[in-house]
Amino acid sequence: MKRISSHPVGIAQGQRMLFSDFADDGPMWTGSGPRESRHAIRFPEAFAAPPAVMVGISMWDTDGRTNLRADLSAERITETGFDLVFRTWSDTRIARIRADWTAIGPLPDEDAWDLY
């Protein structure tokens, strides 16, 4: 559990179109086997420590003739950003996908003193 102390807490939100592979026969639409789409997300301002990051699929367009397989995650979370990662595998065909994210964490406190 992350505990929120009395100093300022920030919330950053955003969304990202991860790919639109049906338009140009990209790997998520025409490929098979393990595939990954990775995107660096930068927060509008830095947190004081790595925040908690939640991600979710807000739109996806898929081929209904194959099984849907999806893994969406936040990786390498730091005070300034994270990697938004979508993975699929086998014969799944994803035409396009958009993901939303929310980060909640401590903000730098102007009144806090670093003595040492």
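Below or above, wherever it landed, is the structure these notes cover. Since the model is a prediction, treat every value here as computed from it, not as a measurement.

**A few points about the sheet that holds strand β6 (residues 94-106)**
So, step 1. Strand order in the open sheet formed by three strands is β1-β6-β3, with antiparallel pairing between adjacent strands. Of all strands in the sheet, those with a lone pairing partner are β1 (9-20) and β3 (52-62), marking the two edges. Across the sheet, the mean angle separating the axes of adjacent strands is 15 degrees when strand polarity is ignored.

**Concerning the sheet that holds strand β5 (residues 81-88)**
So, step 1. In spatial order, the strands read β2-β5-β4; together these three strands make up an open sheet with antiparallel pairing. What marks the edges here is a single partner per strand, and that holds for β2 (35-42) and β4 (71-75). Neighbour to neighbour, the strand axes of the sheet diverge by 20 degrees on average, direction disregarded.
So, step 2. By the bridge criterion, five bridges tie β4 to β5 in an arrangement that is antiparallel. Bridging across to β5, Leu-72 finds its partner in Phe-86.

**Thoughts on the packing of aromatic side chains**
So, step 1. Summed over all chains, the structure comprises five aromatic pairs.
So, step 2. Where Phe-43 meets Phe-47, the ring centres are 5.0 Å apart and the plane angle is 85 degrees; that geometry is what we call edge-to-face. Neither residue differs from the other here; Phe-43 and Phe-47 are each classed as buried.
So, step 3. Pairing Phe-43 with Trp-101 gives two aromatic rings, centres 5.8 Å apart and planes at 55 degrees, and the pair type is tilted. Of this pair, Phe-43 sits in the loop between β2 and β3 while Trp-101 sits in strand β6, and the two are 58 residues apart along the sequence.

**Let's talk about unusual backbone geometry**
So, step 1. A positive phi angle, near 50 degrees, is found at Arg-76, a position not held by glycine.
So, step 2. Here Arg-76 lies in the loop between β4 and β5.
So, step 3. Of note in the backbone geometry, Ser-90 takes a positive phi value of approximately 60 degrees without being a glycine.
So, step 4. Structurally, Ser-90 can be placed in the loop between β5 and β6.

**Overview of the environment of Met-59**
So, step 1. Residue placement: Met-59 occurs in strand β3.
So, step 2. Exposure remark for Met-59: the relative accessible area of 19% places this residue in the buried category.
So, step 3. With eleven residues separating them in the primary sequence, Met-59 and Ala-70 have C-alpha atoms 13 Å apart.
So, step 4. Not counting the four nearest positions on each side in its chain, Met-59 is found in contact with Met-17, Arg-96, Ile-97 and Arg-98.

**A look at a nonpolar patch on the surface**
So, step 1. Taken together, the side chains of Ile-57, Trp-60 and Leu-68 make up a nonpolar region of the molecular surface, amounting to roughly 270 Å² of accessible area.
So, step 2. Mapped onto the elements of the fold, Trp-60 is located in strand β3.
So, step 3. Trp-60 sits in the partly exposed class, given a relative accessible area of 36%.

Thresholds applied
- Residues numbered from 1 in each chain as written.
- Predicted model: local features only at pLDDT ≥ 70, side-chain atom pairs only at ≥ 80, totals over all residues.
- Heavy atoms only, no water.
- Pairing = 2+ DSSP bridges.
- Helix = DSSP H or I, 4+ residues; strand = E, 2+ residues; numbered from the N terminus.
- Axes fitted to C-alpha atoms, helices over the stretch in contact; angles between N-to-C directions.
- Phe/Tyr/Trp six-rings, centres within 6.5 Å; stacked < 30°, edge-to-face > 60°.
- Buried < 20%, exposed > 50% of the residue type's maximum accessible area, 1.4 Å probe, protein only.
- Contact = heavy atoms within 4.5 Å.
- Patch = residues over 30% accessible without salt bridge, like charges linked within 9 Å, V, L, I, M, F, W, Y side chains within 5 Å.
- Areas by Shrake-Rupley, 256 points an atom, 1.4 Å probe, with all protein chains shown as cover.
- Salt bridge = Lys/Arg side-chain N within 4 Å of Asp/Glu carboxyl O.

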